[in-house]
Amino acid sequence: MSDEELVAYMRAAREAGRPEAMKAPLAILVFGYWDSLVARARLRLPPAEAEDVAGEAVASAIASAFDGRSVGELRSWLHTILMRRIADYYEVRKRRVQTTELASEHQGDEDVWRREPAEPFEGDALFASESLALAYRELERDSHRRAIDLYVFGPLSAADAAASLGGGMTEANVHQIASRFQRRFKELLA
Amino acid sequence: MTDLERLLSEYKQAHRASPDADPAPYLAQLAGAEREALSQLIDAYLARAPRRDFDPAAFPASPAASAAEGLQRSLAGTGGLWPALLPRLRTQARLRRSELVSELAARLGAQSRQEKVARYYHEMEQGLLPAAGVSDAVLDALGRIVGWSSDALRRAGELPAPGGPGAAGSPGAVFTRTATPPRGGGAESRDTAQRGEPAEEEWDEVDRLFRGR
């Protein structure tokens, strides 16, 4: 079953008052995305915080599928909420520094929870993210972007990506496109 | 192949073999802009990673199991995300439940009714206590113990109850303010019976704090 079908199944079970029927689809979804979410969190957070933040993201992302909001594709939604929770984490720490200096302004660090940060990230991480997006946009052809999707961002080998792309694309072409893309990305970052 | 390309390729290979592969050892091999570039590329890869196939043998020992369990209780219960959130906050605060309850009772001025406070707090963690009935005083005291604001705790409890608005068990149906102890065969009495609480027990300040917001 697709993510969306699993969510629909859970909604129906919940509406029918059969909460035990939600266990299996929930287990499939949480287990299925847990490691990727935790690994992404580890890229930006201290290891001890990564699982907690990923847990909060999973809970609020899946729960929001039940509060009347349209969440679109679940995988994208999970990762969007993860990024918000990570941004919240840093917002909290920034406030801690400010409230140490200005105790009268202290309002509770966790007020940012479930609130949308104004900026997803600041500083180096935001700059790097924008650089990667720019390098991707600068690719001249759709087929090159597709090669990056399949080989650099995706799970395929260069040979498999070339075969999937067809149109005369070779393994060497895919390597060349990927190398140029990563070189450009590093130039933008430098 | 550059170090960046090699490390990205090695990480992807490790992730395919074992989805809980930690990116840190790969990042540690680079510094500065190269390291940030690798971090972004791994991040982009993980954001597109498909859902991992369910493994019934690995699931029970996975941290995902407790996350799924808390979420299931949240979706099945009437306390919003509290079942998914409160145990984690308690763990982060390094408090056993008995310690948290003791401090909560003290902050509420209900030391002599600690057993009842414990029962209600247990229901909050299990998603059995409708969030709408829990007073700001309780959430404020709890928030001070675990390091969250009462507003944030309130928002976490706001997931609509199963069955949609107006259904039995929804906050509006259950938590009309009552000046007297609930008696008879109404929803409150059924809740009481499910908790094993003596029906004749007097409605007191602790009940009002947890059920009569």
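Residues numbered from 1 in each chain as written. Chains lettered and ligands numbered in written order. Predicted model: local features only at pLDDT ≥ 70, side-chain atom pairs only at ≥ 80, totals over all residues. Heavy atoms only, no water.

**A few points about the overall build of chain A**
Filter applied, for reference: Working definition: helices are DSSP H or I runs of at least four residues, strands are E runs of at least two. Numbering for both runs from the N terminus. Two residues qualify as a contact provided that any one of their heavy atoms is within 4.5 Å of a heavy atom in the partner residue.
When you go through chain A residue by residue, the secondary structure sums to 8 helices and 0 strands. When the helices and strands of chain A are placed in sequence order, the string is α-α-α-α-α-α-α-α. A sequence separation of at least 24 residues applies to 55% of the contacts in chain A between residues at least 6 apart.

**Here's the deal with the overall build of chain B**
Selection criterion: Classification of residues uses two cut-offs on accessible area relative to the type maximum, computed with a 1.4 Å probe and protein chains only: under 20% is buried, over 50% is exposed, and between them is partly exposed.
When its secondary structure is counted, chain B shows 12 helices and 0 strands. The order of helices and strands in chain B, counted from the N terminus, is α-α-α-α-α-α-α-α-α-α-α-α. Across the 213 residues in chain B, those meeting the buried criterion constitute 51%. Within chain B, residue pairs in contact and separated by at least 24 positions form 63% of the contacts whose partners lie at least 6 positions apart.

**Things to note about the pattern of salt bridges**
Rules: Only one rule defines a salt bridge in this text: a Lys or Arg side-chain nitrogen within 4 Å of an Asp or Glu carboxyl oxygen.
On inspection of all chains with the given rule, the structure shows 25 salt bridges over all chains. The salt bridge partner of E34 of chain B is K186 of chain A, with a shortest N-O separation of 2.7 Å. Taken as a pair, E34 of chain B in helix α3 (residues 32–47) and K186 of chain A in helix α8 (residues 171–189) lie in two separate chains rather than in one. E34 of chain B gets classed as partly exposed once you look at its relative accessible area, which sits at 24%. Relative accessible area serves as the criterion here: at 22%, K186 of chain A is assigned to the partly exposed category. Each of R113, K116, D204, D207 and R211 of chain B takes part in salt bridges that share partners, so that together they form one network.

**A few points about the side chain of S62 of chain B**
Residue and element names in this part refer to chain B. For clarity, the threshold we go by: Any N or O atom pair separated by 3.5 Å or less is treated as a polar contact, with the protein-specific requirement of one donor-capable and one acceptor-capable atom, and with residues adjacent in sequence counted only for side-chain atom pairs.
Inspection of the secondary structure puts S62 in the loop between α3 and α4 (63–76). Under the relative-accessibility criterion, S62 is labelled buried at 14%. Of the polar contacts made by the side chain of S62, one reaches the backbone nitrogen of A64; its length is 2.9 Å.

**So, the packing of helix α5 (residues 82–92) of chain B against helix α7 (residues 114–126) of chain B**
All names here are of chain B. Which entries qualify depends on this criterion: Each axis is a line fitted through C-alpha atoms, taken for helices only over the stretch in contact, and angles between the N-to-C directions span 0 to 180 degrees. Three classes are used, and their members are as follows: Ala, Val, Leu, Ile, Met, Phe, Trp, Tyr, Cys and Pro are nonpolar, Asp, Glu, Lys and Arg are charged, and the others, Gly among them, are polar.
Orientation of α5 relative to α7, taken along the N-to-C sense of each, is 120 degrees, at an axis distance of 6 Å. Contact residues: α5 offers W82, P83, L86, P87 and R90, while α7 offers Y121, M124, E125 and Q126. Of the residues in the contact of α5 with α7, the class split is 6 nonpolar, 1 polar and 2 charged.

**Some thoughts on the domain arrangement of chain A**
Applicable threshold: Source of the domain bounds: an automatic or database domain assignment.
Domain boundaries in chain A define domain 1 (3–95) and domain 2 (123–189). Computed over C-alpha atoms only, the centres of domain 1 of chain A and domain 2 of chain A are separated by 29 Å.

**Digging into the interface of chain A and chain B**
To keep it simple, the criterion reads: Buried area counts how much accessible surface, traced with a 1.4 Å probe, disappears from two parts once they are put together, with both parts' losses summed.
Listed as interface residues are 61 residues of chain A and, on the opposing side, 64 residues of chain B. Summed over both partners, the interface of chain A with chain B buries about 5400 Å², with 62% contributed by carbon and sulfur atoms. One can count 5 salt bridges joining chain A with chain B. The interface formed by chain A and chain B holds 17 residue pairs in polar contact (both at pLDDT 80 or more) in total. For the side of chain A that touches chain B, the secondary structure elements donating two or more residues are α1 (3–15), α2 (23–44), α3 (47–64), α4 (74–101), α5 (123–137), α6 (142–152) and α8 of chain A. Looking at the side of chain A that touches chain B, the element that brings in the most residues is α2 of chain A, giving 17 residues. A class-by-class count of the residues in the side of chain A that touches chain B yields 31 nonpolar, 11 polar and 19 charged.

**Some thoughts on the packing of α3 of chain A against α4 of chain B**
Rules: For any pair of crossing helices, the crossing counts as left-handed if the nearer helix is rotated counterclockwise from the farther one by less than a right angle, and right-handed if it is rotated clockwise.
Closest axis-to-axis distance for the α3 of chain A/α4 of chain B pair is 10 Å, and the angle between their directions is 35 degrees. In the packing of α3 of chain A onto α4 of chain B, the handedness of the crossing is right-handed. On the side of α3 of chain A, the interface is formed by E51, V58, A59, I62 and A63 of chain A, while α4 of chain B contributes P63, L71 and L75 of chain B. Class assignment of the residues belonging to the contact of α3 of chain A with α4 of chain B gives a composition of 7 nonpolar, no polar and 1 charged.

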